[in-house]
Amino acid sequence: MFKTAITEMFGIKCPIICGAMMWLSKPPLCAAISNAGGMGNLTAGNYTTEEEFRGAIQETRRRTDKPFMVNLTFMPSVRISPEHHQMYIKVCAEEKVAGIEVSGTPLDKAAGMGAVEALKKAGVKLFHKVGAVRHALHAQKAGYDGVYAAGIEEGGHPLNDDVTTMVLIPRMVESLKIPVVAVGGIADGRTMAAALTLGAQAVMMASRFIATQECVVHDNIKQELVKRQEYETILFGKSIGLQGRALKSKVIEEILAIEEKGGGVKELFPLMSGERIKEAWDKGHVQDAPLMVGQSIGLIKNVLSCKELLDTMAKEAAECLAKAKRMVQA
Ligand SMILES: Cc1cc2nc3c(=O)[nH]c(=O)nc-3n(C[C@H](O)[C@H](O)[C@H](O)COP(=O)(O)O)c2cc1C
């Protein structure tokens, strides 16, 4: 039904891509999204050995014969080192994955132009997740195949330029020759139609995929996302130079109080550690760790299968686009 630069590039039916989600973007969810006609995501940071990472790619391939993306997050981490990054790049090239979503430091700076060239030679499409036109222009110059343009509404770590998706997408589209994918604030067919109208060639969402049957997370979390509203996320981490957006909770109040009184990473880290977040997802403890979701949670009304979600979104987006066309007099 949709024909865009992204559906053509990957041979997929539906221009809906899943974003990286540490602890959640794993083979079951990734394959379910790809099988539903979109583009699943396998987040490399979930794996710390070559065997585990290659095993996750192979497991995803056993579950789907459709393309999926791998995320490489080049941000400060206590678990993941530059050696892990080199391993991920090597395995992605050897396994010839369809594409890579890079976030944080661009690939050419994090691993050198050799890495960009090796991946391109292996046929891997490269996308960088950016929050500013200047960063997108860098990605284009370095040879990336497209950008994910992420507005301040997004979950995870939006850039501290704080520009909304509504403004960022047209600015990206007018400034770049490579395709732009809209990220942040998207969770249904209406927001998808808006992004495509702004010139995006696809949409990326992450929070919406948590409330799907195939996401391996405690059911409390899925129900909580259905209940929570668009004003129930908050930015934190500005004082330590790593802004994040998460669900409002007891722990976020504690984090913001520490930041307010000038506390540093040492004091904050125990409240934000990866292990703490993993436990909260697994046990459904919404108040105990920063759950990095976006404002798009206000649009989540139910828990669906990935197939139901993508089918519903595609239908609704098509209806919105047709309705918008009818608003124009010949
Ligand atoms: C639970 C969760 C974990 C995330 N982890 C990562 C990550 O490890 N690396 C990354 O680049 N982005 C990460 N993100 C950001 C998403 O990939 C995506 O950019 C963002 O969530 C899109 O906004 P939305 O959630 O409102 O759709 C995460 C998002 C969520 C919701």
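Bear in mind that the values here come from a model prediction, so they are computed numbers and not experimental data.

## A few points about the confidence of the model for the protein
This prediction gives the protein a mean pLDDT of 97; 100% of its residues lie at or above 70. Ranking the elements of the protein by mean pLDDT puts helix 13 (residues 265–272) last with 93 and strand 7 (residues 180–183) first with 99.

## A word on the sheet that holds strand 6 (residues 146–150)
One open sheet holds the eight strands; their spatial order is 1-8-7-6-5-4-3-2, and the pairing between them is parallel. One side of each edge strand has no neighbouring strand; the edge strands of this open sheet are strand 1 (16–18) and strand 2 (40–43). Recorded for the sheet is a direction-independent mean angle of 30 degrees between the axes of neighbouring strands. As paired elements, strand 4 (residues 99–104) and strand 5 (residues 125–130) share five bridges and run parallel to each other. The partner of Ser103 across the bridge, within strand 5, is Lys129. Lying over the sheet, helix 4 (residues 82–95) contacts strand 3 (68–74) and strand 4, oriented at roughly 160 degrees with respect to strand 3.

## A few points about the packing of aromatic side chains
If you walk through the whole model with that rule in mind, you get four aromatic pairs. Among the aromatic residues, ring-to-ring pairing joins Phe10, Phe127 and Tyr148 into one connected group.

## Some thoughts on a nonpolar patch on the surface
A surface patch of nonpolar side chains, amounting to about 310 Å² of accessible area, comprises Val78, Val265 and Phe269. Here Phe269 is to be found in helix 13. Taking the relative accessible area as the measure of exposure, Phe269 reaches 39% and is therefore partly exposed.

## Some remarks on the site of the ligand
For the ligand, the set of nearby residues contains 19 residues, the closest of which are Ala20, Ser103, Glu154, Ser207 and Ser296. Within the side chain of Thr73, a nitrogen or oxygen atom sits 2.9 Å from a nitrogen atom of the ligand. In the complex, the protein chains occlude 94% of the 600 Å² of accessible area that the ligand would expose alone. Tallied by class, the residues present in the shell around the ligand amount to eight nonpolar, nine polar and two charged.

## Here we look at the packing of helix 2 (residues 27–35) against helix 3 (residues 50–63)
Interaxial distance between helix 2 and helix 3 falls to 9 Å at its minimum, and their mutual angle equals 40 degrees. Here helix 2 lies oblique to helix 3, going by the angle between them. Between helix 2 and helix 3 lies a crossing whose hand is right-handed. For the pair helix 2 and helix 3, the contacting residues are Pro27, Pro28, Cys30, Ala31 and Asn35 in the first and Ala56, Glu59, Thr60 and Arg63 in the second. Per-class residue counts for the contact of helix 2 with helix 3 are five nonpolar, two polar and two charged.

## What to know about the pairing of strand 8 (residues 202–205)
Every second residue of strand 8 is oriented toward a common face, with Ala202 and Met204 on one face and Val203 and Met205 on the other, all of them buried. Bridge count between strand 1 and strand 8: three bridges; the pairing is parallel. If you follow Cys18 over to strand 8, its bridge partner there is Met205. Viewed along the sheet, the connection from strand 7 through helix 9 (residues 189–197) into strand 8 turns out right-handed.

## Describing the layout of surface pockets
By volume, the second largest pocket is sized at about 150 Å³. Ranked by residues supplied to the lining of the second largest pocket, first place goes to helix 15 (residues 306–326) with four residues. When the residues that make up the lining of the second largest pocket are grouped by side-chain class, the tally is five nonpolar, three polar and five charged.

Scoring rules and cut-offs
- Every residue gets a number counted from 1 within its own chain, in the order that chain's sequence is written.
- Restriction of local features to residues with pLDDT of at least 70 applies here, the model being predicted, together with a cutoff of 80 or more for giving and counting side-chain atom pairs; totals for whole chains, interfaces and linings are based on all residues.
- Side-chain numbers come from the whole structure's heavy atoms, not from hydrogens or water.
- pLDDT expresses how confident the predictor is about each individual residue, on a scale running from 0 to 100.
- A run of H or I in DSSP becomes a helix once it reaches four residues, and a run of E becomes a strand once it reaches two; helices and strands are each numbered from the N terminus.
- Note on pairing: two strands pair once DSSP finds at least 2 bridges between them.
- Angles run from 0 to 180 degrees between N-to-C directions of axes, and those axes are lines fitted to C-alpha atoms, restricted for helices to the stretch in contact.
- Two residues qualify as a contact provided that any one of their heavy atoms is within 4.5 Å of a heavy atom in the partner residue.
- The pairing test for Phe, Tyr and Trp rings, Trp by its six-membered ring, is centres within 6.5 Å, and the orientation test on the planes gives stacked under 30 degrees, edge-to-face over 60, and tilted for anything in between.
- Patch membership needs two things, relative accessible area over 30% and no salt bridge, and members are linked within 9 Å if like-charged or within 5 Å if nonpolar (Val, Leu, Ile, Met, Phe, Trp, Tyr).
- Residue-level accessible areas treat just the shown protein chains as cover; the underlying method is Shrake-Rupley with a 1.4 Å probe.
- Each salt bridge in this description consists of a side-chain nitrogen of Lys or Arg and a carboxyl oxygen of Asp or Glu lying within 4 Å of one another.
- Exposure classes here rest on a 1.4 Å probe applied to the protein chains alone. A residue is buried below 20% of its type maximum, exposed above 50%, and partly exposed in between.
- Any residue with at least one heavy atom within 4 Å of a molecule or strand is counted as near it.
- What qualifies as a polar contact is a pair of N or O atoms within 3.5 Å, subject to a donor-acceptor requirement within protein and to the restriction that residues adjacent in sequence count only when both atoms come from side chains.
- Under the grouping applied here, Gly and all other residues not named as nonpolar or charged are polar, the nonpolar ones being Ala, Val, Leu, Ile, Met, Phe, Trp, Tyr, Cys and Pro and the charged ones Asp, Glu, Lys and Arg.
- With respect to orientation, any angle under 35 degrees is reported as roughly parallel, any angle over 145 as roughly antiparallel, any angle of 65 to 115 as roughly perpendicular, and every other angle as oblique.
- We call a crossing left-handed when the near helix sits turned anticlockwise from the far one by less than a right angle, and right-handed when that turn is clockwise.
- Handedness of a crossover is defined as follows: with both strands directed away from the viewer, a clockwise route from the first strand across the helix to the second makes it right-handed.
- Whether a set of points on the 1 Å grid over the protein atoms alone is a cavity depends on a 1.4 Å probe fitting there but being unable to get out, while an open set qualifies as a pocket with protein on both sides within 12 Å along at least five of seven lines; lining residues are those with an atom within 4 Å of a point.
- Grid points are joined across faces, edges and corners, and a volume is the space filled by probe spheres set on the points.

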